[in-house]
Amino acid sequence: MGLGFDIAHMLAGLMVLASLLLLYQDRLTALINVLRLHGFILALAVAWQAHIQSAPELFVSAAIALLVKALVIPGALDRIVERLGIHRNVETVGGIGLTMFAGMALVALSLRVMLPVTAAADPVSRQDIALALSVVLIGLLIMVTRRNALGQVAGFLSLENGIDLAAAGARGMPLVVELSVAFSVLIAFIVIGIFLFRIRERFDTIDLAALESFRGERR
Amino acid sequence: MMGAVAIEALQMAFVLLAAPGLVGIVRAVEARFLRREGPPLIQPYRQLARLLGKEVVLAHNASWLFRTAPYLILALTWVAASVVPTFSTHIVFARLGDLIVITALLGAARFVLALAGLDIGTSFGGIGASREVMFASLAEPAMLMIVVTLAITAGSTQLSSIAAFMLSPVLGLRISLALALVALVIVALAENGRIPVDNPATHLELTMVHEAMVLEYSGRHLAMIELAAALKLLLMISLIVCIFFPFGLGGTGAAGFLLGLASYAAKLGIAAVLLGIFEVSLAKMRVFRVPELLGAGLMLGLLATLLLYVSRSL
């Protein structure tokens, strides 16, 4: 296996690392910065896939990833944090140590599941898909373990980055799908942004525990 | 064979003599960055000489353990430093230069130090010992994960083989090794009680770990302990340098030897400057946040192993 595989593996591994960093962060500004890094690495990984697969349309995906996921959305999140005036720590449900162990277990699980299943595929897309699945699972874990709505948004966006990584690794992903996914993420982001302000307006906080108690679910 | 013995003797003398100088460089860099004049580079040597000349003040209830511990700690650390191929792989103990051996030797030194901290029965010693052991319980698994990563990649836990592998062109680009490097730096910072973990320059009771354990030592005992601490810093830097930056190592003949010596000295100097810059740009962590940092080191080691599993199973 040559340099092509090594670099693809390194970028995918860095994605997983950035996901774990997201899981580890407990400050909003740092969380958004790591999310920006996450999007940036994604753009690099997709561009590298475009290069080694000689698929020019993937360069378009990389450009979309760079523009939307590394620049626009983190920038918008920064503005939301500024407008809401929240620089506090993010409340996590469990301790950081426990969550990190869960994250590592998810990485191990996705490797254990994905590597045997994709035995027929070529190595580059195999490792890409296996690591992309762990990014997706860690994104879900972030959403589960965060009380703060912005933390959950970060989890959702990193999950979407993972799906993008998998799509870039699997050959034959049509560009139109890519475009519509990117567009729907933007729409989802706008909806989430509006919701954040509504939640904040009504409850004076974006801690979702307030929603639970409002619905009478709090123990 | 004789040459190997001579090189080994030279290395053992060199690490012992260079260790206080390394501490001096780190302190000088920090002083410069804080716009202070700072002590001269030879200050650590002067301090050791001064301590050696002073009488030892012992607590009434100090046992034999308290008196022998400084020598034991220095001996264990020195042995560990003597098996690392620092400027030549042709040393007598190269076969012993195994990552697991070094981890075990450092663990033994830490055990003795913690016992000495507990021996006097002061509360500071107890606090320091318990914190040290708490950190060690996370730093050692992280160290072992790093060892596993290196062993799988290079096919050996022996430092000279790992260095030879790192110099060979089959290496390629490995993310696992990058993760292992970051994890090893975190472990090294924790092992030496450097800034995000512990502040080696203060006696502030809220922060101290290592200083708390050795608070009761004086005279030549304190000199031994300070020398051992400096030696440990040099050892961890040598370990990182030997594993990840083995350039100039492994040459044969007089030219290769001199090249190894020069590159090793240069690498030590660069590492000391980097450590100084790193320390002045960071604040110390709260003690209860340190396990998170070490946990991150452990995670990085684990992730490195997992990624290695991916790239090797394909």
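Overview of the structure.

How each quantity is defined
Residues take numbers from 1 onward in each chain, read along the sequence in its written order. All chains are assigned letters beginning with A, and all ligands numbers beginning with 1, in the order in which they are written. Owing to the predicted nature of the model, reporting of local features is limited to residues with pLDDT of at least 70; listing and counting of side-chain atom pairs is limited to 80 or more, with chain, interface and lining totals taken over all residues. Numbering of helices and strands starts at the N terminus; helices are DSSP runs of H or I of at least 4 residues and strands are runs of E of at least 2. The globule rule is 2.2 Å times the number of residues to the power 0.38, and the radius of gyration it is compared with is taken over C-alpha atoms. Residues with at least 20 other C-beta atoms within 10 Å of their own are called buried, those with 12 or fewer are called exposed, and the rest are partly exposed. The C-beta atoms themselves are positioned from the backbone. Placing C-beta atoms from the backbone, we regard two residues as in contact once those atoms come within 7 Å. For helices, the fitted axis covers only the stretch in contact; all axes are lines through C-alpha atoms, and the angles between them, taken along N-to-C directions, range from 0 to 180 degrees. An angle below 35 degrees is read as roughly parallel, one above 145 as roughly antiparallel, one from 65 to 115 as roughly perpendicular, and any other as oblique. Amino acid classes used here: Ala, Val, Leu, Ile, Met, Phe, Trp, Tyr, Cys and Pro are nonpolar; Asp, Glu, Lys and Arg are charged; the rest, including Gly, are polar. In this scheme the crossing of two helices becomes right-handed for a clockwise turn of the near helix relative to the far one and left-handed for an anticlockwise turn of less than a right angle. Each helix should span, by expectation, one fewer than its residue count multiplied by 1.5 Å. By definition, a nonpolar core groups buried Ala, Val, Leu, Ile, Met, Phe, Trp, Tyr and Cys residues that connect through C-beta atoms lying within 7 Å of each other.

Side note on the overall build of chain A
Argument step 1. Helix and strand counts for chain A stand at eight helices and zero strands.
Argument step 2. Traced from its N-terminal end to its C-terminal end, chain A shows the element sequence α-α-α-α-α-α-α-α.
Argument step 3. In terms of overall size, chain A behaves like a compact globule, its C-alpha atoms giving a radius of gyration of 18 Å where 219 residues would be expected to give roughly 17 Å.
Argument step 4. Oriented by its inertia axes, the alpha-carbon framework of chain A measures out at about 55 × 35 × 25 Å.
Argument step 5. Out of the 219 residues belonging to chain A, those deemed buried represent 43%.
Argument step 6. Pairs at least 24 residues apart make up 72% of the contacts formed inside chain A by residues separated by at least 6 positions.

So, the packing of helix α2 (residues 28-53) of chain A against helix α3 (residues 56-84) of chain A
Residue and element names in this part refer to chain A.
Argument step 1. α3 packs onto α2 with a crossing angle of 175 degrees between their chain directions and a minimal axis gap of 7 Å. In terms of orientation, α2 lies roughly antiparallel with respect to α3.
Argument step 2. Across the contact of α2 with α3, the residue classes tally to 19 nonpolar, five polar and three charged.

Considerations on the packing of helix α4 (residues 96-117) of chain A against helix α5 (residues 123-145) of chain A
Residues and elements named next belong to chain A.
Argument step 1. Between α4 and α5, the shortest axis-to-axis distance is 8 Å and the interhelical angle comes to 145 degrees. Regarding α4 and α5, the two cross each other, and that crossing is right-handed. Only R126, I129, A130, L133, S134, L137, I138, L141 and T145 of α5 make contact with α4, whose side of the interface consists of T99, A102, G103, L106, V107, S110, L111, M114 and L115.

Observations regarding helix α1 (residues 3-24) of chain A
Argument step 1. Taking 1.5 Å per residue as the helical rise, α1(A) with its 22 residues ought to reach 32 Å, and the 31 Å between its terminal C-alpha atoms agrees with that figure.
Argument step 2. Most of α1(A) is tucked away, with 16 of its 22 residues classed as buried.

A short note on the interface of chain B and chain A
Argument step 1. On the side of chain A, 23 residues touch chain B, which itself brings 17 residues to the contact.
Argument step 2. When residues in the side of chain B that touches chain A are grouped by element, the largest group, 13 residues, is from helix α11 (residues 290-313) of chain B.
Argument step 3. Considered class by class, the residues forming the side of chain B that touches chain A number twelve nonpolar, four polar and one charged.

Notes on the environment of B:I7
All names here are of chain B.
Argument step 1. Considering the arrangement of structural elements, one finds I7 in helix α1 (residues 2-33).
Argument step 2. Taking the C-alpha atoms as reference points, I7 and A296, separated by 289 residues in sequence, lie 38 Å from one another.
Argument step 3. Ignoring any residue separated from it by four or fewer positions in sequence, one finds I7 in contact with S88, H90 and I91.

Quick notes on the nonpolar core
Buried together is how nonpolar side chains tend to be arranged in soluble globular proteins.
Argument step 1. Core analysis: the largest hydrophobic core is formed by 162 residues, its most contacted members being A:M15, B:A183 and B:L303.
Argument step 2. A total of 18 residues in this core trace back to one element, the largest contributor, which is helix α9 (residues 219-244) of chain B.
Argument step 3. Here B:A183 is in contact with B:A142, B:M145, B:I146, B:G297, B:L300, B:G301 and B:A304, once residues within four sequence places are set aside.

Digging into unusual backbone geometry
Argument step 1. With phi around 40 degrees, A:S54 is a residue other than glycine that occupies positive phi space.
Argument step 2. Of note, A:S54 is situated in the loop between α2 and α3.
Argument step 3. What makes A:S54 exposed here is the crowd of 7 C-beta atoms within 10 Å.
Argument step 4. Unlike most non-glycine residues, B:R35 shows phi in positive territory, near 60 degrees.
Argument step 5. With 7 C-beta atoms packed within 10 Å, B:R35 lands in the exposed category.

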